[in-house]
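The lines below spell out each chain.
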Amino acid sequence: MIMADFKIKLIKSAFLNERATREMLADFVLKTPMFSMSMECKKFEEAFAKKQKRKYAVFVNSGSSANLILIQALLNLGRLKKGDRVGVSAITWSTNVMPLIQLGLEPVAIDCEINTLNISPKTLEKELDGLQGLFLTNVLGFSDDIATIKQMCADKGIVFIEDNCEALGSVVGGVLLGNFGLASTFSFFLGHHLSTLEGGMVVTDDNELYDALVIARAHGWDRNLPRSDQERLRQNNGVDPFYSLYTFYDLGYNVRPSEITGFLGNSQLPHWDEVVQARQDNFKVLQDAIKANDDFIPLKIDHMDIISNFAVPLICKNEALALQYREKFMEMGIEIRPIIAGNITKQLFYKKYVVDVRSHPNADFIHTHGFYCGNNSELDVGEIEILKKAIS
């Protein structure tokens, strides 16, 4: 039974405090003199970097674009090279893998643990030799032993980056997820922790990478670099001042955000703590219900300080139960989805472009035995009770 009119939807509203945000946005649109990337975007970058405890942030038009320019910037700097093998989470989103294929790198899907949904040191160890990069997805706000993974990559000289699009605010060992790798990406798509409707961010502490990201974001030029970096780049390359605004240093795109998305980011960022707390509180209640039902496999989460859960995963112990519970949730009017894209190696684009003979038994299990329901900061007590009833 498939229902179109869900009582509990994955996305409840476009923004937190939606009515007030829409009114502020309407006023901004009427009064702003400029809509292309300018001071609102810069303000959001600086505030987001500070809140995430990173030195730099580069705002773009989507989380997918954030992934794209991060890989391009690493190639432009020579930190990755065409043909390099880059590990990716077998449970991930399509546009974590697509830029690797598009830019001439070889994705290597790495299996996850069923009880964390994430790559672990154990599953990484099997594929570690021969990797030049690892693009780790922090699935649904969770992680495995990411500190050990970071050290494993450092020991082997592997470029380690994170997709943190679903894990804004999660903390492990006192460190925010997204701050373990050289850089990490975020999404502000509708329904994510913070919404700018469309939008994404790359954060890093590395000045050279920051400059490369800014260049890759807009055409390959230097216009948006800090003045000191801009002048150094022009001097080092002997750029005539007359041509400086139209000098293209390296490969790039046009994935700039607008002032509208910057404004929305600035209006939503003050709600960060509120959103994270609500998602954590909701998840704790629903996780307790999951643990009380022997039909489900509970997650291993005791190593996490804060779980800023994106959506609540339910992993059934057999496939028949998965089908039964999926039907039950839909009959109760609860919108559900596969866990991200399931095992990414089963996707048509992956099979078309990647020759992968490895087995991913845990990702396969999650693909067939799992699904998720929504967890957003606006769930009310009644909705939580309905979700608990569905789980029980």
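Scoring rules and cut-offs
Residues numbered from 1 in each chain as written. Predicted model: local features only at pLDDT ≥ 70, side-chain atom pairs only at ≥ 80, totals over all residues. Heavy atoms only, no water. Core = buried A, V, L, I, M, F, W, Y, C linked by side-chain atoms within 4.5 Å. Buried < 20%, exposed > 50% of the residue type's maximum accessible area, 1.4 Å probe, protein only. Helix = DSSP H or I, 4+ residues; strand = E, 2+ residues; numbered from the N terminus. Contact = heavy atoms within 4.5 Å. Pairing = 2+ DSSP bridges. Axes fitted to C-alpha atoms, helices over the stretch in contact; angles between N-to-C directions. Phe/Tyr/Trp six-rings, centres within 6.5 Å; stacked < 30°, edge-to-face > 60°. Parallel < 35°, antiparallel > 145°, perpendicular 65-115°, else oblique. Left-handed = near helix turned anticlockwise from the far one by under 90°. Nonpolar A, V, L, I, M, F, W, Y, C, P; charged D, E, K, R; others polar. pLDDT = per-residue confidence, 0-100. Salt bridge = Lys/Arg side-chain N within 4 Å of Asp/Glu carboxyl O. Arc of directions from axis to C-beta. Polar contact = N/O pair within 3.5 Å; in protein donor to acceptor, adjacent residues only side chain to side chain. Right-handed = clockwise from strand over helix to strand, strands pointing away. Expected span 1.5 Å × (residues − 1).

What about the nonpolar core?
Argument step 1. With 103 residues, the main nonpolar core has Leu 124, Leu 134, Leu 140 and Phe 329 as its most contacted residues.
Argument step 2. Among the elements that take part in this core, helix H3 (residues 63-76) stands out by supplying eight residues, more than any other.
Argument step 3. Once residues within four sequence positions are removed from consideration, Leu 134 is found in contact with Val 86, Gly 87, Ile 110, Ile 119, Leu 124, Ile 149, Cys 153, Ile 158, Val 159, Phe 160 and Ile 161.
Argument step 4. By size, the runner-up hydrophobic cluster in this structure holds 16 residues, among which are Phe 48, Ala 57, Phe 188 and Met 201.

Quick word on the sheet that holds strand S11 (residues 311-315)
Argument step 1. Reading across the sheet, the three strands line up as S11-S13-S12 and stay open at both edges, with antiparallel pairing between neighbours. Strands at the two margins of the open sheet, each flanked by one partner only, are S11 and strand S12 (336-337).
Argument step 2. Note that S12 and strand S13 (residues 370-374) share two bridges and pair antiparallel. Looking at S13, one finds that Ile 336 is bridged to Cys 373.
Argument step 3. Running over the sheet, helix H13 (residues 361-369) touches S11 and S13 and is turned about 55° from S13.

Topic: the packing of aromatic side chains
Argument step 1. Taken as a whole and assessed by the stated rule, the structure comprises 16 aromatic pairs.
Argument step 2. For the pair Phe 44 and Phe 59, a centre-to-centre distance of 5.0 Å together with 80° between the ring planes defines the contact as edge-to-face. Pair noted here: Phe 44 is in helix H2 (residues 39-52) and Phe 59 is in strand S1 (residues 56-60), with a separation of 15 residues, a long-range link. Residues Phe 44 and Phe 59 agree in their burial class; the two are buried.
Argument step 3. Pairing Phe 329 with Phe 371 gives two aromatic rings, centres 5.2 Å apart and planes at 75°, and the pair type is edge-to-face.

Some details on the packing of helix H11 (residues 319-331) against helix H14 (residues 381-391)
Argument step 1. Packing of H11 against H14 brings their axes to within 10 Å, and their N-to-C directions diverge by 150°. Taken together, H11 and H14 sit at an angle that is classed as roughly antiparallel. Like other packed secondary-structure pairs, H11 and H14 cross with a definite hand, here right-handed. Residues Tyr 325, Lys 328 and Phe 329 of H11 touch H14, and the partners they reach there are Lys 389, Ala 390 and Ile 391.
Argument step 2. For the contact of H11 with H14, the class distribution of residues is four nonpolar, no polar and two charged.

Some points on the confidence of the model for the protein
Argument step 1. Averaged over every residue, the pLDDT of the protein is 96; residues scoring 70 or more account for 99%.
Argument step 2. Element-level mean pLDDT values for the protein span from 95 in helix H1 (residues 18-31) up to 99 in strand S9 (residues 200-204).

Regarding the pattern of salt bridges
Argument step 1. In this structure the tally under the stated criterion is 23 salt bridges.
Argument step 2. A salt bridge links Glu 383 to Lys 12, with the shortest nitrogen-to-oxygen separation between them at 2.8 Å. On the criterion of sequence distance, the pair formed by Glu 383 in helix H14 and Lys 12 in the segment before H1 is long-range, its members being 371 residues apart.
Argument step 3. It is possible to trace a salt-bridge network through shared partners that takes in Lys 12, Asp 380 and Glu 383.

Some details on H14
Argument step 1. Three or more residues of H14 are buried, namely Glu 383, Ile 384, Leu 387, Ala 390 and Ile 391. The buried residues of H14 all sit within an arc of 120° when viewed along its axis, so they share a single face. Looking at H14, the residues exposed on the side facing more than 90 degrees away from the buried face are Val 381 and Lys 389.
Argument step 2. Against helix H10 (272-291), S11, H11 and S13 lie the buried residues of H14.
Argument step 3. For H14, the N-terminal capping position is held by Asp 380, with its side-chain oxygen 3.1 Å away from the main-chain nitrogen of Gly 382.

Overview of the environment of Leu 379
Argument step 1. Here Leu 379 is to be found in the loop between S13 and H14.
Argument step 2. The spatial distance from the C-alpha of Leu 379 to the C-alpha of Ile 8 is 8.5 Å, given a sequence separation of 371 residues.

Quick look at the pairing of strand S3 (residues 106-110)
Argument step 1. With four of five residues buried, S3 lies mostly within the body of the structure.
Argument step 2. The pairing of strand S2 (residues 85-89) with S3 spans five bridges and is parallel. Its bridge partner being in S3, Ser 89 is matched across the sheet by Ile 110.
Argument step 3. Regarding the hand of the β-α-β motif, the stretch spanning S2, helix H4 (residues 94-102) and S3 is right-handed.

Description of H1
Argument step 1. Along its 14 residues, H1 runs 20 Å from first to last C-alpha, staying within 8% of the 20 Å computed at 1.5 Å per residue.
Argument step 2. The complete set of buried residues in H1 reads Glu 18, Thr 21, Leu 25 and Phe 28. Viewed end-on, H1 has its buried residues packed into an arc of 85°, placing them on one side of the element. Facing away from the buried side of H1 by more than 90 degrees, the exposed set consists of Arg 19, Leu 30 and Lys 31.
Argument step 3. Tucked into the core, H1 has its buried residues touching H2 and helix H9 (259-268).

Side note on the pairing of S1
Argument step 1. Here S1 lies mainly inside the structure; five of its five residues are buried.
Argument step 2. Neither face of S1 is left uncovered, since the one carrying Tyr 56, Val 58 and Val 60 and the one carrying Ala 57 and Phe 59 both have all their residues buried.
Argument step 3. As paired elements, S1 and S9 share five bridges and run antiparallel to each other. Each residue of the ladder has a partner; that of Tyr 56, found in S9, is Thr 204.

Quick notes on the environment of Met 24
Argument step 1. By the element assignment, Met 24 lies in helix H1.
Argument step 2. Of the residues examined, Met 24 reaches a relative accessible area of 42% and is grouped as partly exposed.
Argument step 3. Linking Met 24 and Leu 103, residues 79 residues apart in sequence, is a C-alpha distance of 40 Å.
Argument step 4. Contact partners of Met 24, with chain neighbours within four places excluded, come to Phe 263 and Ser 267.

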